[in-house]
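# Coordinates in review
Chain by chain, the residues:
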Amino acid sequence: MNRVSSAKMLRLKHTGSLLRLLHTCTSSSAKADLQNLRAQWGAASFNIPKMTELLDHDNHDMRQNLRELFKDKDMIPRYNISMAEEREIAYQRLRKVCNGGFISVRDFESNPRRIFAAHELSAIVDASMATKMTVQFNLFGGTVLKLGTERHHAALLKGIDTLDDMGCFGLTELGYGNNAVEMETTATYDPSTKEFVVHTPSTLAQKYWITNGAIHAKHCIVFAQLYINRINHGIQAVLVRIRDDKLQPLPGVTIADMGYKMSLNGVDNARLSFDSVRVPRENLLNRFSDVADDGSFTSAISSGRARFLTVADQLLSGRLCIASMCMGVAKATLAIAFRYASTRLTVGPRGKSDTPILQYQLQQRALIPLLARTYAINFGLNYVKDRWSFQKADGSEHGEIVTMCCAIKPVASWNVGQVTTVARERCGGQGYLASNRFGIFLGLAHAAMTAEGDNSVLMQKVAKERLAVFKPSAIGDSPKASLNDQKYLHYLIAKREDFLFSTLGMKMKKAGKEGVFSEWMYEQSDAIQSAAQAFIERLISEEFAKAIESSDPSLSPVLNQLYKLYLLDVIEKDLGLFLVSGILPTDFGKTVGEVCRALCKDIAPNCLALAEAFGVTDAMMAAPISADWIGYNEYDNQGEVGRRI
């Protein structure tokens, strides 16, 4: 009772001081002092730099230096420009990041988390730049590094870092995305010339959505069915030069620009076709499989499917790059939305426009649970990045890590989609202006939902892999039942995971061997998606709890509030399942919403500070509504930002 009373007193004190300031501003000037409004929202109850350090997790100096680079005038967003200009700007921004030494393909050997950090921050400033980055350094560069040998490294790695050797990743075909193992492109070995003949046999075999392919790439890693003496040796990766040093397409290579997309038009996507293009035998990325001069094939990997998974393995780190980009954009979106909501005045108790919309329950209930979920996913992503970066060399952990990578990308991209959609709506008409960033952020979210694996298809894989090793958890007895107890709330979501996988497992067993495909693909889609979601939400909960335990003690009170809200939000969103399954008592189900609303009120005085702890600088936000949005509208801005925000 004392805790509730003190929280209420804090809110009343906070409201009173804010209204006094607003009365002064509105009576003395036509323009409220926005900076003071934000300052009056409430002093942080925690150490903001320590929270930023906890969230950043790694590479602190590099992150800070990159934030400084993003203050450069060339990083200011531009809107009323042609697609050609947008592409050139994205390329030049990426070059600045590279020239600053903030990313190297060799980081995969020495410090992989540095690559993920560069993606997180770069996506905030320019999602097109970050998309080009992830293809150049992860998909193209990372594949050359990991599947290539010294002859490929000597020829390309330096140029990959400097962008002198821009590349692309030719996996997806028009007719083959999630079913890429069935692709049609062929690489046929000709022993008489010691060359591979790379060929596109049909329209459906075009390499499709090839980032960097339309303008900037000189090289393409082409994934193709390898044929020797009419025998198919499965999918292999072959380096194909597609442009000369003047960036003109080479003979036999057809490059079609895919043109305008719904967003991220700074990314030059292409369709590529090859008409019997010949490349030297040495262009095969041959770390695991090789072809001798006489055409004899050798491989350290026995099965064709295993070879495909090996050559496409860079998609795993790609999923972490994309999840990192989504994390950065979710943070920026929330920071912008909270800043605006703390200064946008509308009708208050006196009938005057003297109350920030952030005071309203409507605004708090929309944004603060998303704040809690974004913190939670941040801690979960940190864990998965660590597991991927420091996995055992013997491969014994790889299967588990694959499952986590396949789960964290969907939840991170779905989260940023929800964050940008809700924030856009809650910022009203201002949210619809391109200059306030939500449009491009939403575009990134939708690209992320599809890139490196369709989210829902990935979650099918998560459920399949988890079901194969599933054993009911040793959850133990229920902690004391209370919606204010994090241990009890975590117990509930762990029970949900057990229930869903047990139920799914029984249905699959009942289907029998003959009915597995039909049951899985045609009958149990909802159950599969729910089980996979339950797995990753339980994992994220565990990592949130560990983050609190290892954090500075001053951070614990507000982190515990966020953790509790995250758990309750998970339960509230799936309340029907919790009640129908009997996991949550009916009486508790009636009060979940009430407890969530109370937590949002308790967290509200810290919400601006919690968003500030994301470490998104003013220059990186570059949104008028995050700064002086009144002053921005005192001149003919033409929807551009320049240096006037």
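Here the structure is shown first, and the text comes after it.
The structure reproduced in this document is the subject of the present report. (Residues numbered from 1 in each chain as written. Predicted model: local features only at pLDDT ≥ 70, side-chain atom pairs only at ≥ 80, totals over all residues. Heavy atoms only, no water.)

Turning next to the overall build of the protein chain. Secondary structure summary: the protein chain contains 24 helices and 13 strands in total. Relative to a compact globule of 645 residues, whose C-alpha radius of gyration would be 26 Å, the protein chain shows 26 Å and is just as compact. In terms of principal-axis extent, the alpha carbons of the protein chain reach across some 90 × 65 × 40 Å. Burial status across the protein chain gives 56% buried among its 645 residues. Put simply, of all contacts in the protein chain between residues at least 6 apart along the chain, 75% involve residues at least 24 apart. For the protein chain, the computed accessible surface area is about 26,900 Å², with 52% contributed by carbon and sulfur atoms. Between the mean site of the 74 positive side-chain charges and the mean site of the 68 negative ones, the protein chain shows a separation of 4 Å. (Helix = DSSP H or I, 4+ residues; strand = E, 2+ residues; numbered from the N terminus. Rg over C-alpha atoms; globule rule 2.2 N^0.38 Å. Buried < 20%, exposed > 50% of the residue type's maximum accessible area, 1.4 Å probe, protein only. Contact = heavy atoms within 4.5 Å. Areas by Shrake-Rupley, 256 points an atom, 1.4 Å probe, with all protein chains shown as cover. Lys, Arg positive; Asp, Glu negative; His and termini not counted. Charge placed at Lys NZ, Arg CZ, Asp CG, Glu CD.)

Tracing the chain through its elements places D569 in helix α18 (residues 556-573). Owing to a relative accessible area of 5%, D569 belongs among the buried residues under this scheme. Side-chain polar atoms of D569 contact the side chain of R373, separated by 3.2 Å. Ignoring any residue separated from it by four or fewer positions in sequence, one finds D569 in contact with P369, R373 and C596. (Polar contact = N/O pair within 3.5 Å; in protein donor to acceptor, adjacent residues only side chain to side chain.)

This next bit is on the environment of A468. Mapped onto the elements of the fold, A468 is located in helix α15 (residues 455-468). Judged by relative accessible area, which is 64%, A468 ranks as exposed. Separated by 350 residues in the primary sequence, A468 and A118 have C-alpha atoms spaced 35 Å apart.

M51, F338, Y375 and L559 are the most contacted members of the largest nonpolar core, which has 176 residues in total. When residues in this core are grouped by element, the largest group, 19 residues, is from helix α11 (residues 314-341). Beyond its immediate stretch of four places on either side in the chain, Y375 contacts M51, L55, F544, L559, L562, L610, A613 and F614. Counting 25 residues, the second-largest nonpolar core is a separate cluster that includes A187, C220, V240 and L272. (Core = buried A, V, L, I, M, F, W, Y, C linked by side-chain atoms within 4.5 Å.)

This next bit is on the pattern of salt bridges. Applying the stated criterion to the full structure yields 40 salt bridges. A salt bridge links R365 to E572; the nearest nitrogen and oxygen atoms lie 3.0 Å apart. Residue R365 is found in helix α12 (residues 361-389), and its partner E572 is found in helix α18; the two are separated by 207 residues along the sequence. Exposure remark for E572: the relative accessible area of 25% places this residue in the partly exposed category. Among the charged side chains, a network of salt bridges with common partners joins D56, D58, R63, R67, E120 and K331. (Salt bridge = Lys/Arg side-chain N within 4 Å of Asp/Glu carboxyl O.)

Attention shifts here to the packing of aromatic side chains. Tallied over the full model, the rule gives 15 aromatic pairs. Centre to centre, the rings of F116 and W388 are 5.9 Å apart; their planes meet at 70°, and the pair counts as edge-to-face. Placement of F116 in helix α7 (residues 112-125) and of W388 in helix α12 is noted, with a sequence separation of 272 residues between them. An identical accessibility class is assigned to F116 and W388; each is buried. Every member of this aromatic cluster is reached through a ring pair, and the members are Y375, F379, F544, Y563 and F614. (Phe/Tyr/Trp six-rings, centres within 6.5 Å; stacked < 30°, edge-to-face > 60°.)

Glancing now at α18. Taking 1.5 Å of rise per residue, the 18 residues of α18 would be expected to cover 26 Å, and the 25 Å separating its terminal C-alpha atoms lies within 8% of that figure. Across the 18 residues of α18, 13 count as buried, placing the element largely inside the fold. (Expected span 1.5 Å × (residues − 1).)

Packing of α7 against α11 brings their axes to within 7 Å, and their N-to-C directions diverge by 40°. The angle between α7 and α11 places the two elements in the oblique class. Of the two possible hands of crossing, α7 and α11 adopt the one that is right-handed. Along its contact with α7, which presents I115, F116, H119, E120, A123 and I124, the element α11 presents S317, L320, C321, S324, M325, M327, G328, V329, K331 and A332. For the contact of α7 with α11, the residue count by class is 10 nonpolar, 4 polar and 2 charged. (Axes fitted to C-alpha atoms, helices over the stretch in contact; angles between N-to-C directions. Parallel < 35°, antiparallel > 145°, perpendicular 65-115°, else oblique. Left-handed = near helix turned anticlockwise from the far one by under 90°. Nonpolar A, V, L, I, M, F, W, Y, C, P; charged D, E, K, R; others polar.)

In a beta sheet, neighbouring strands pair by backbone hydrogen bonds and run either parallel or antiparallel. Taking strand neighbours across the sheet as the criterion, the 3 strands line up as β4-β8-β7 in an open arrangement whose pairing is antiparallel. Edge strands, defined here as strands with exactly one partner in the open sheet, are β4 (207-211) and β7 (253-257). Pairs of neighbouring strands in the sheet enclose a mean axial angle of 35°, with direction left out of account. Of the strand pairs in this sheet, β4 and strand β8 (residues 269-274) are connected by 3 bridges, and their pairing is antiparallel. (Pairing = 2+ DSSP bridges.)

Okay, the pairing of strand β5 (residues 219-228) next. Across the 10 residues of β5, 9 count as buried, placing the element largely inside the fold. Across 4 bridges, the pairing between strand β1 (residues 167-170) and β5 is parallel. The partner of G167 across the bridge, within β5, is H219. Summarising the sheet, strand β2 (residues 186-190) and β5 pair through 3 bridges and their orientation is parallel. Along β5, the bridge assignment pairs T186 with Q225. Pairing of β5 with strand β6 (residues 231-241) involves 9 bridges; the strand directions are antiparallel. Paired with H219 across the two strands is R241, which belongs to β6.

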